[in-house]
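So you can see what is in the structure, the chains are spelled out below.
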Amino acid sequence: MDCLFCAIIKGDIPSTKVYEDEYAYAFRDINPAAPTHVLVVPKTHIASIDAVSEENADTVAHVLAAIPKIAAAEGLVNGYRVVSNVGEDGCQSVKHLHFHILGGTKLSEKMA
Ligand code: 5GP
Ligand code: ZN
């Protein structure tokens, strides 16, 4: 399957890793939208939140559990935002589930 984030997880495409465990891989966004901008992905291919089901919910829960660890390691003591874009209207450009962790500054109150 031709998936950019699967290639990053495999190491075929380089990335700046910030965290890794059995289920999750996290790396810096190549085009940061905030002083801290980390992408957290499941190591198995899940297309988006729209493909989350009872079958893969355990994996997704492990990925979510990595987020506060990454935020703490990044020093985001004042808070942060987690975003996951889904599909065309959600402006999802990479079709492998990912959670953006954005922080390091006071973020915009605008949600969309
Ligand atoms: P989306 O728009 O799908 O929610 O987010 C995809 C994110 O992946 C974007 O913020 C984009 O900057 C990031 N991105 C795209 N290609 C690469 C890459 O090759 N390396 C890294 N580290 N980030 C990437
Ligand atoms: Zn993938």
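Above this note sits the structure.
Reading the values: the criteria
- Residues numbered from 1 in each chain as written.
- Chains lettered and ligands numbered in written order.
- Predicted model: local features only at pLDDT ≥ 70, side-chain atom pairs only at ≥ 80, totals over all residues.
- Heavy atoms only, no water.
- Donors = N, O, S within 2.8 Å, 3.2 Å for Na, K, Ca; no water.
- Tetrahedral: all angles 85-135°; square planar, octahedral: opposite > 155°, others 65-115°.
- Pairing = 2+ DSSP bridges.
- Helix = DSSP H or I, 4+ residues; strand = E, 2+ residues; numbered from the N terminus.
- Buried < 20%, exposed > 50% of the residue type's maximum accessible area, 1.4 Å probe, protein only.
- Patch = residues over 30% accessible without salt bridge, like charges linked within 9 Å, V, L, I, M, F, W, Y side chains within 5 Å.
- Areas by Shrake-Rupley, 256 points an atom, 1.4 Å probe, with all protein chains shown as cover.
- Salt bridge = Lys/Arg side-chain N within 4 Å of Asp/Glu carboxyl O.
- Near = heavy atom within 4 Å.
- Polar contact = N/O pair within 3.5 Å; in protein donor to acceptor, adjacent residues only side chain to side chain.
- 1 Å grid on protein atoms, 1.4 Å probe; cavity = no way out; pocket = protein on both sides within 12 Å on 5 of 7 lines; lining within 4 Å.
- Sits in = over half its atoms within 2 Å of the grid points.
- Nonpolar A, V, L, I, M, F, W, Y, C, P; charged D, E, K, R; others polar.

**Student:** Tell me what's going on with the coordination of the zinc ion (ligand 2), and back it up with residues and numbers.
**Tutor:** Protein coordination of the zinc ion (ligand 2) is provided by Cys3 (SG), Cys6 (SG), His45 (ND1) and His96 (ND1), with donor distances spanning 2.1 to 2.3 Å. One way to put it: the four donor atoms around the zinc ion (ligand 2) meet at angles of 103 to 117 degrees, and that makes the site tetrahedral. When the donors of the zinc ion (ligand 2) are listed by position in the chain, the intervening gaps give C-x2-C-x38-H-x50-H.

**Student:** Describe the pairing of strand S1 (residues 17–20), naming the residues involved and giving the relevant values.
**Tutor:** When S1 meets strand S2 (residues 24–28), the two strands line up antiparallel, connected through three bridges. The residue of S2 that forms the bridge with Tyr19 is Ala26. In textbook terms, the turn of a hairpin is the stretch between consecutive antiparallel strands, and for S1 and S2 this stretch comprises three residues.

**Student:** Please provide a residue-by-residue account of the pairing of strand S3 (residues 36–42), values included.
**Tutor:** A regular strand places its side chains on the two faces of the sheet in alternate fashion. Of all seven residues in S3, seven are buried, a share of seventy percent or more. Both faces of S3 are covered, namely the face carrying Thr36, Val38, Val40 and Pro42 and the face carrying His37, Leu39 and Val41. Relative to S3, S2 is paired through five bridges, and the arrangement is antiparallel. In the strand pairing of S3, Phe27 is matched with Leu39. Summarising the sheet, S3 and strand S5 (residues 99–103) pair through five bridges and their orientation is antiparallel.

**Student:** Describe a nonpolar patch on the surface, naming the residues involved and giving the relevant values.
**Tutor:** On the surface, Ile49, Val52 and Val86 cluster together into a nonpolar patch covering about 190 Å² of accessible area. If you trace the backbone, Ile49 turns up in the loop between S3 and helix H2 (57–73). Residue class for Ile49 comes out partly exposed when judged on its relative accessible area of 39%.

**Student:** Explain the site of ligand 1 residue by residue, including any values.
**Tutor:** The local shell around ligand 1 holds 16 residues, among which Arg28, Asp29, Asn85, Ser93 and His100 are the closest. With respect to ligand 1, the side chain of His98 contributes an N or O atom lying 2.9 Å from an oxygen atom. In the model, an oxygen atom of ligand 1 is placed 2.8 Å from a nitrogen or oxygen of the His100 side chain. In the complex, 82% of the free accessible area of ligand 1, which totals 510 Å², lies under the protein chains. Of the pockets mapped on this structure, ligand 1 occupies the largest pocket. Elements with a contribution of two residues or more to the shell around ligand 1: helix H1 (4–10) and S2. The element best represented in the shell around ligand 1 is H1, accounting for three residues. Among the residues making up the shell around ligand 1, the classes are represented as eight nonpolar, six polar and two charged.

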